[in-house]
Amino acid sequence: MSARTILQKLEILADAAKYDASCASSGTAKRNSMGGKGIGSTEGMGICHAYAPDGRCISLLKILLTNHCIFDCHYCINRKSSNVARARFTPQEVVDLTLAFYRRNYIEGLFLSSGIVKSSNHTMEQLVEVARILREEHDFRGYIHLKTIPEADAEIVHQAGLYADRVSINVELPTDSGLTRLAPDKDARQIEDAMGKVKSDITELKDAHKRFKHAPRFAPAGQSTQMIVGADAASDADIVGKASRLYDSFGLRRVYYSAFSPIPDASAVLPLKRPPLIREHRLYQSDWLMRFYGYKPAEVMQATEADGNLPLDIDPKLAWALKFREQFPVDVNRASKEQLLRVPGLGVKAVGRILASRRHRNLRLGDVARLTQSIAKVRPFICTVDWRPVMLTDRADLRSLLAPKTEQLELFAA
C-alpha cells in the first residue's frame, strides 16, 4: 500500500477525533506573542471558529496522532477489530500542521488524542513529544490539550502536564460493570488512580508556583473527563452520581457527556440506535445546576422519572420545581439568592439583576419581565407587588403548559 499524504492522514484522523467532546479551551493561563517572542496566544481574539453539524464550536486543531489501537473497546470506531482506514502522524507532522493552521488564523490551539499503538507508554511518549517540540523548539504559546493514557507510567503523564494547558483522562462509561463489559482492556480503578495522581500534581505545583515565581506550571487549565451516554444501561441518575463523585474526588474542571453513536460493524452487545441527543443536553443542564445553581446531586436525581432518566420534554430545573411545588411561589422582593436560583426561567444573570434592582424599589411583574428572557415560564413560581399565581402553581396541567411546544416542520413550506 502506498504511503498516505499529509492531507489524507488529516482527513482520516480529524474524522476519527470527532467523537471526543472534551475540547474546550477555557481556564488556562494567559499567554501571548507580543513583543516578537514566541508563536500563538491562549486568548481567543481573531480566531476563526467553525461549527460542527450538532452546533459545537470548533476552534482547536482536533486530531488523533493515530487511529491504530491495540485495545478492542466495543463502542469505539477505532478498536483493533474495526474495519476502518488507518493512518498515523509522526510528532513532527502534527507540529507542522498545528503551526500552519495557527498562522492561517484557523485555530487557537491543539487538541491531541490517540489510539494505543505498540504500548501505552510508547503512545504517551509520542503525544508528549508533540507538545515538547511546540513549546521548546517553537516557543508555541497557544493552547494545548493532551488526552492522557491511564495505563502509561505516571512520570510520562507528568511530563504531559508540564507542557499542556489541560490534560484529560476519559472514564468512558458511568458504571464499573459497563466498563468491564464494553471495554475489557480498561480498568476503572486504574483510570481513577491516574486522575488522582494528576490532581495531586496540579495541587503540588500550584502551591509551588505561589512560593517560587519560576516554578513550572502543571496543567493550569486543570483536568477533565468524558462519559459516553447510552452505550450501556446506566440511567441519568447513575451518570449524575458518577459526575458528582468525580468533581468532588478529583477537582475536575468539566465532565463532558457524549451521546453514543452507532458505528459500522458494531458489536452485538451495543444498542442498535443512538439515544436522543436531547438526553445529552439534559445531562449538561443538570451538570450546570450542580456547578452554578447550588443543587446537590441528590436533588438533581429527584428530578428524574421512574426509570431514573431525566425527562426529555422539560429541563431538569423545571422538573424539580414541579415535583416540589411546596417550595413555590417565592417573593422576588424578599427571597434569598439561593431561592431565586431555584425558579424555572431565572438564570444566574437574571437573579443578579433582580437582587440589584430590588435594592431601589419593590419589583412588579413587568419589572421582572424586563429582567428575564421569558416571563411565561417564571410566572407560576414567583410573587411580586402586583402578582400572585393563586392556583396556577398547583394546576395539574402546569407541565404541559410550560413544556416547549413541538412542531412538525413542513418540507415544502413557504
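Residues numbered from 1 in each chain as written. Predicted model: local features only at pLDDT ≥ 70, side-chain atom pairs only at ≥ 80, totals over all residues. Heavy atoms only, no water.

### Some thoughts on helix 6 (residues 188-211)
Here helix 6 contains 24 residues, and its C-alpha end-to-end distance of 35 Å stays within 8% of the 34 Å for a straight helix at 1.5 Å per residue. Restricting attention to buried positions, one finds in helix 6 the residues Ala-188, Ile-191, Glu-192, Ala-194, Met-195, Val-198, Asp-201, Ile-202, Leu-205 and Ala-208. Among the structural elements, helix 4 (154-163), strand 6 (166-168), helix 5 (176-182), strand 7 (223-229) and helix 7 (236-250) are those in contact with the buried residues of helix 6. The backbone nitrogen of Arg-189 lies 3.1 Å from a side-chain oxygen of the residue at the head of helix 6, namely Asp-187. (Helix = DSSP H or I, 4+ residues; strand = E, 2+ residues; numbered from the N terminus. Expected span 1.5 Å × (residues − 1). Buried < 20%, exposed > 50% of the residue type's maximum accessible area, 1.4 Å probe, protein only. Contact = heavy atoms within 4.5 Å. Polar contact = N/O pair within 3.5 Å; in protein donor to acceptor, adjacent residues only side chain to side chain.)

### Regarding the pattern of salt bridges
This structure, assessed with the given rule, holds 23 salt bridges. Across the pair Glu-305 and Arg-399 runs a salt bridge, and its minimum N-O distance is 3.3 Å. Within this pair, whereas Glu-305 is found in the loop between helix 9 (297-302) and helix 10 (316-323), its partner Arg-399 is found in helix 14 (residues 398-402), the two being separated by 94 residues in sequence. Overall, Arg-399 belongs to the partly exposed group, its relative accessible area being 29%. (Salt bridge = Lys/Arg side-chain N within 4 Å of Asp/Glu carboxyl O.)

### Quick word on the packing of aromatic side chains
Under the defined criterion, the tally for this structure stands at eight aromatic pairs. Both rings, one in Trp-320 and one in Phe-328, keep their centres 6.5 Å apart while their planes meet at 85°; by these two values the pair is edge-to-face. A residue is classified by how much of its surface remains accessible, and Trp-320, at 5% relative accessible area, is buried. Classification of Phe-328 as buried rests on a relative accessible area of 8%. Taken together, the ring pairs in this structure connect Tyr-295, Trp-320, Phe-324, Phe-328 and Phe-381 into an aromatic cluster. Sitting over the ring of Tyr-295, Arg-342 keeps its end group 4.0 Å from the ring centre. (Phe/Tyr/Trp six-rings, centres within 6.5 Å; stacked < 30°, edge-to-face > 60°. Lys NZ or Arg CZ within 6 Å of the ring centre and 35° of its normal.)

### A closer look at empty space enclosed by the protein
A full pass over the atoms with the stated rule returns one cavity of 30 Å³ or more. Space inside the largest cavity adds up to approximately 50 Å³. Surrounding the largest cavity, Val-171, Leu-173, Thr-175, Asp-176, Leu-179, Ala-188, Ile-191, Glu-192 and Lys-242 form its lining. Among the secondary structure elements, those contributing two or more residues to the lining of the largest cavity are helix 5 and helix 6. If one sorts the elements of the lining of the largest cavity by residue count, helix 6 sits on top with three residues. The residue makeup of the lining of the largest cavity, split by class, is five nonpolar, one polar and three charged. (1 Å grid on protein atoms, 1.4 Å probe; cavity = no way out; pocket = protein on both sides within 12 Å on 5 of 7 lines; lining within 4 Å. Points joined across faces, edges and corners; volume = space filled by probe spheres on them. Nonpolar A, V, L, I, M, F, W, Y, C, P; charged D, E, K, R; others polar.)

### Some points on the confidence of the model for the protein
With 88% of its residues at a pLDDT of at least 70, the protein reaches an overall mean of 88. The low-confidence segment residues 41-53, where pLDDT is below 50, has 38 contacts with residues more than four positions distant or belonging to other chains. (pLDDT = per-residue confidence, 0-100.)

### Details of the sheet that holds strand 5 (residues 143-147)
Sheet architecture is open: six strands sit in the order 3-4-5-6-7-8, paired in parallel fashion. Each edge of the open sheet is held by one strand with a lone partner, namely strand 3 (60-64) and strand 8 (254-259). Averaged over all pairs of adjacent strands, the angle between their axes in this sheet comes to 20°, without regard to strand direction. Judged from the two bridges that link them, strand 6 and strand 7 form a sheet pairing that is parallel. Among the inter-strand pairings, Val-167 is bridged to a residue of strand 7, identified as Gln-223. (Pairing = 2+ DSSP bridges. Axes fitted to C-alpha atoms, helices over the stretch in contact; angles between N-to-C directions.)

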